[in-house]
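Observations on the three-dimensional arrangement
Residue strings, one per chain:
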Amino acid sequence: MPRIVFLGPPGAGKGTQAVGAARELGVPHLSTGDLLRAAVQDGSALGREAEAHMRAGHLVPDDLVVRMVAERIGRADCDGGYLLDGFPRTLAQAEILEGIAPTDRVVSFEIPEALLKDRLTGRRQCPKCRTVYNVSTKPPKVSGICDLDGEALAQRSDDRAEAVRTRLEVYRTETEPLLALYKRRGILVPLDAVGSPEEVTGRIRRLLAEMPTHRRR
Ligand code: AP5
């Protein structure tokens, strides 16, 4: 039963890689960023509370995120494991997650900060099918238009330069300390996240194949 966490700074490529990795493992991909953005779009109580924090690049308060994740992990499709992308992000979240179910492996996306700003400010997303592009590293065939459904691509409000600065700072202060925690617990697996998306996918495949909980689809 693989219970995997993808941990890394904003823009490291967690979301890009998590989709295929979850498919490979046969488990759901749970992105707290995606779940929160869906709540904002729905205008739910959670979304209304989360929106201002997200727009500014700050973390959403632990109690809100933890409740959302606990509810999601409690559903039947997570009985066989899951791949968490973007959670936990604070020491408090990490401790609560361990209380819900022990994590098998934490894949740490390692990448110099200098590469992250361009990845983030260049990211564009289709508001309809959620496909992620990048103006320099993964441009759509027609500038600004989704290849799959012809929708106009959008930039995330927190991918503007000022929010990106805040997110990187928040990562350093709130999330980076988790690396030492998981290293001490012996479940941290470092991943070189520099290189093309295909190169990183190849490295992740090899890491996952070596995990004791892996069952190939
Ligand atoms: P979230 O959506 O989780 O944002 P994030 O962690 O900042 O991660 P990103 O989605 O920015 O980056 P990524 O690593 O997934 O990169 P991607 O693959 O898209 O969270 C958003 C907000 O929600 C947070 O700021 C917070 O407010 C709130 N939140 C979420 N979880 C929370 C929690 N647990 N607690 C509290 N608050 C929480 O790639 C980025 C770009 O790079 C793309 O354009 C992509 O095409 C490109 N790219 C990807 N890989 C490569 C590559 N190898 N080479 C070149 N380009 C690449």
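Below is a short write-up of the structure. (Residues numbered from 1 in each chain as written. Predicted model: local features only at pLDDT ≥ 70, side-chain atom pairs only at ≥ 80, totals over all residues. Heavy atoms only, no water.)

Our next topic: the sheet that holds strand E3 (residues 82-85). Strand order in the open sheet formed by five strands is E2-E3-E1-E4-E7, with parallel pairing between adjacent strands. Strands with a single pairing partner mark the edges of an open sheet, and in this sheet they are strand E2 (29-31) and strand E7 (188-192). Taking each pair of neighbouring strands and ignoring which way they run, the sheet shows an average axis angle of 20°. Note: strand E1 (residues 3-7) against strand E4 (residues 105-110), four bridges, orientation parallel. Residue pairing for E4: Phe 6 is matched across the bridge by Val 107. (Pairing = 2+ DSSP bridges. Helix = DSSP H or I, 4+ residues; strand = E, 2+ residues; numbered from the N terminus. Axes fitted to C-alpha atoms, helices over the stretch in contact; angles between N-to-C directions.)

Moving on: the site of the ligand. Inspection of the region around the ligand gives 34 residues, with Thr 16, His 58, Arg 89, Arg 123 and Arg 167 positioned closest. Here Arg 37 contributes a side-chain N or O atom positioned 2.9 Å from an oxygen atom of the ligand. Out of a free accessible area of 1000 Å², the ligand has 96% covered by protein chains. Secondary structure elements with two or more residues in the shell around the ligand: helix H1 (14-25), helix H2 (32-42), helix H6 (113-121) and strand E6 (132-134). With four residues, H2 is the largest single contributor of residues to the shell around the ligand. Split into classes, the residues belonging to the shell around the ligand amount to 13 nonpolar, 13 polar and eight charged. (Near = heavy atom within 4 Å. Polar contact = N/O pair within 3.5 Å; in protein donor to acceptor, adjacent residues only side chain to side chain. Areas by Shrake-Rupley, 256 points an atom, 1.4 Å probe, with all protein chains shown as cover. Nonpolar A, V, L, I, M, F, W, Y, C, P; charged D, E, K, R; others polar.)

Moving on to the nonpolar core. Counting residues in hydrophobic clusters, the biggest one holds 25 residues, and the most contacted among them are Tyr 82, Leu 84 and Tyr 182. Of all the secondary structure elements, the ones that give two or more residues to this core are E1, helix H3 (45-56), helix H4 (62-73), E3, helix H5 (91-100) and helix H8 (177-184). Setting aside anything within four residues of it in sequence, one finds Leu 84 in contact with Ile 4, Val 5, Phe 6, Leu 30, Val 69, Ile 73 and Leu 97. If you look at the next biggest cluster of nonpolar residues, it comprises 24 residues, including Ala 21, Leu 120, Val 189 and Ala 193. (Core = buried A, V, L, I, M, F, W, Y, C linked by side-chain atoms within 4.5 Å. Buried < 20%, exposed > 50% of the residue type's maximum accessible area, 1.4 Å probe, protein only. Contact = heavy atoms within 4.5 Å.)

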